[in-house]
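# Inside the fold
Read off the chains here:
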Amino acid sequence: MEKMEEQVRKYFQGMLDDSERLELLRRMDTDPRLKSEFIGQQNIEALSLLWKQKQDEREAGQKYSQFIRSMKEDHLRPRRSFALYTRYAAAAALLIASTALITHHLSKESLPHEKAMSSLYVPSGQRAQLILPDGTQVWLNTRSTLTYPTSFGSKERRVNLTGEAFFDVAKDAKRPFIVSAKDVEMKVLGTKFNVYNQPDTDYIQASLLEGSIEVSDARMPTLRVTLKPNETVTVCEGKMEVQPITSSDHFLWKDGIYCFENESLKNILIQLERYYDVKIEVKEPELFNVTYSGKFRQNDGIDEILRIIGKIHRFKVIRDMENNTITVSK
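Figured I'd write up the structure that's included with this text. (Residues numbered from 1 in each chain as written. Predicted model: local features only at pLDDT ≥ 70, side-chain atom pairs only at ≥ 80, totals over all residues. Heavy atoms only, no water.)

## Digging into the overall build of the protein chain
- If you tally the helices and strands in the protein chain, you get seven helices and 19 strands.
- For the protein chain, the residues scored as buried account for 47% of the 330 residues in total.
- Of the contacts formed within the protein chain by residues at least 6 apart in sequence, a portion of 50% connects residues at least 24 apart.
- With an accessible surface of roughly 17800 Å², the protein chain has 49% of that area assigned to carbon and sulfur atoms. (Helix = DSSP H or I, 4+ residues; strand = E, 2+ residues; numbered from the N terminus. Buried < 20%, exposed > 50% of the residue type's maximum accessible area, 1.4 Å probe, protein only. Contact = heavy atoms within 4.5 Å. Areas by Shrake-Rupley, 256 points an atom, 1.4 Å probe, with all protein chains shown as cover.)

Below, the structure written as structure tokens:
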């Protein structure tokens, strides 16, 4: 097996195929050293974008290679070198606290009549932003995967989602944009909407902020709904339920802000486990009935979030760093 550093380097240079990229990203959920190496290299990749903004791609690549070579000559690892340049990246808004914000725009060549597919998987505790070939912007939440062609066809723009994503779709009246989530499809021309399709839930939810989307289920061809702005539809067990969006704050996750509105502690803990890649155990089941409303920034960290909620609802939090677990009790 190749060295960890070599695999990470090949990932950012586009030298891994789709299956190798997915395997690498999924391994990060269980390998802290690999995750740390990936984030360090990713931060360096973000810095290289500073050059790309002012010079063409070839020159940017040359300067990036020179930057990497100079670090090797100084016998410095990428993570250590990055510390010297963090203030410049922060000024350019390329890095946001501990969030790994990835800007991705792939343009691989494909053979005639053959569509190359790409997949982006976001590990635990991270979120990602990418730009699709048509200019559509996508924000992917933690533990989410988006599969998409490197170039769209002439009739439609189709992507597949597992997890949660926010879409700002580029307008194209001739080619509808379609998001597939299990058997459910969301068809749009140009709009802003959020899709929730986590594998550990039994429902799919689409929430519309601007424009319109048509939602259909392949298992029920005659059943479909067209959402209006500020409406959300939940598809569960062969039924579609449309309700008004009570607050758009729920979609601030793409900006690194977590919002809870009259949310049960049980649901909050499930989300925090996903966001921060930690196991949370509750000693007294009655605590699950506690509800809470509030906003937190991702970089507040899980300890601070639970400390604040615990002050209001009076529960204790014990952190076991060695086993990566948190115990909540009265």
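On we go.
## Observations concerning the side chain of Thr-234
- Summarising the element assignment, Thr-234 is placed in strand 13 (residues 231-236).
- A polar contact of 2.9 Å, which involves the side chain of Thr-234, links it to the side chain of Gln-205.
- Once you skip the residues sitting within four places of it in the chain, Thr-234 turns out to touch Tyr-203, Ile-204, Gln-205, Lys-239, Met-240 and Glu-241. (Polar contact = N/O pair within 3.5 Å; in protein donor to acceptor, adjacent residues only side chain to side chain.)

## A look at the environment of Glu-286
- Relative to the elements of secondary structure, Glu-286 occurs in the loop between strand 16 (279-282) and strand 17 (291-297).
- Look at Glu-286 and you get partly exposed, because its relative accessible area is 40%.
- Sequence spacing of Glu-286 and Lys-266 is 20 residues, and the spatial spacing of their C-alpha atoms is 9.9 Å.
- A polar contact is formed between the side chain of Glu-286 and the side chain of Lys-330, at a distance of 3.1 Å.

## Remarks on the sheet that holds strand 18 (residues 316-320)
- Ordered in space as 16-19-18, the three strands form an open sheet in which the pairing is mixed. One side of each edge strand has no neighbouring strand; the edge strands of this open sheet are strand 16 and strand 18. Ignoring which end each strand starts from, the neighbouring axes of this sheet average 20 degrees apart.
- Sheet topology note: the strand 16/strand 19 (residues 325-329) ladder contains four bridges and is parallel. What sits directly across from Ile-280, in strand 19, is Ile-326. (Pairing = 2+ DSSP bridges. Axes fitted to C-alpha atoms, helices over the stretch in contact; angles between N-to-C directions.)

## Topic: the environment of Pro-149
- The topology assignment puts Pro-149 in strand 5 (residues 144-149).
- Pro-149 gets classed as buried once you look at its relative accessible area, which sits at 4%.
- Between the C-alpha atoms of Pro-149 and Ser-118, which are 31 residues apart in sequence, the distance is 6.0 Å.
- Every residue in contact with Pro-149, bar those within four places of it in the chain, is listed here: Ala-116, Met-117, Pro-133 and Arg-158.

## Examining the packing of aromatic side chains
- Taken as a whole and judged by the stated rule, the model has nine aromatic pairs.
- Considering the side-chain rings of Tyr-258 and Tyr-276, the 6.1 Å spacing of their centres and the 85 degrees angle between planes classify their relative orientation as edge-to-face. Of this pair, Tyr-258 sits in strand 15 (residues 257-264) while Tyr-276 sits in helix 6 (residues 265-276), and the two are 18 residues apart along the sequence.
- Each residue in the set Phe-152, Phe-167, Phe-177 and Phe-193 is aromatic and connected to the rest through ring pairs, giving one cluster. (Phe/Tyr/Trp six-rings, centres within 6.5 Å; stacked < 30°, edge-to-face > 60°.)

## Comments concerning the layout of surface pockets
- Quantified by volume, the second largest pocket comes out at close to 830 Å³.
- Looking at the second largest pocket, it is lined by 30 residues, and the ones nearest its centre are Tyr-196, Tyr-203, Gln-205, His-250 and Glu-263.
- Listed by contribution, the elements that provide at least two residues to the lining of the second largest pocket are strand 9 (192-197), strand 10 (204-210), strand 13, strand 14 (239-244), strand 15 and helix 6.
- A per-class count over the lining of the second largest pocket returns twelve nonpolar, 14 polar and four charged. (1 Å grid on protein atoms, 1.4 Å probe; cavity = no way out; pocket = protein on both sides within 12 Å on 5 of 7 lines; lining within 4 Å. Points joined across faces, edges and corners; volume = space filled by probe spheres on them. Nonpolar A, V, L, I, M, F, W, Y, C, P; charged D, E, K, R; others polar.)

## Observations concerning the pairing of strand 4 (residues 137-140)
- Pairing of strand 3 (residues 128-131) with strand 4, which is carried by four bridges, proceeds in the antiparallel orientation. Bridge assignment links Ile-131 to a residue of strand 4, and that residue is Gln-137.
- In sequence, strand 3 turns back onto strand 4 through a hairpin of five residues, with Gly-135 there showing a positive phi of about 95 degrees.

## Description of the nonpolar core
- Residues Leu-140, Leu-146, Phe-167, Met-186, Phe-193 and Val-215 are the most contacted members of the largest nonpolar core, which totals 45 residues.
- Apart from residues no more than four positions distant in its own chain, Val-215 is found in contact with Val-184, Glu-185, Met-186, Ala-206, Leu-223, Arg-224, Val-225, Val-233, Val-235 and Met-240.
- Membership of the second largest hydrophobic core comes to 25 residues, among which are Trp-253, Tyr-258, Ile-268 and Ile-305. (Core = buried A, V, L, I, M, F, W, Y, C linked by side-chain atoms within 4.5 Å.)

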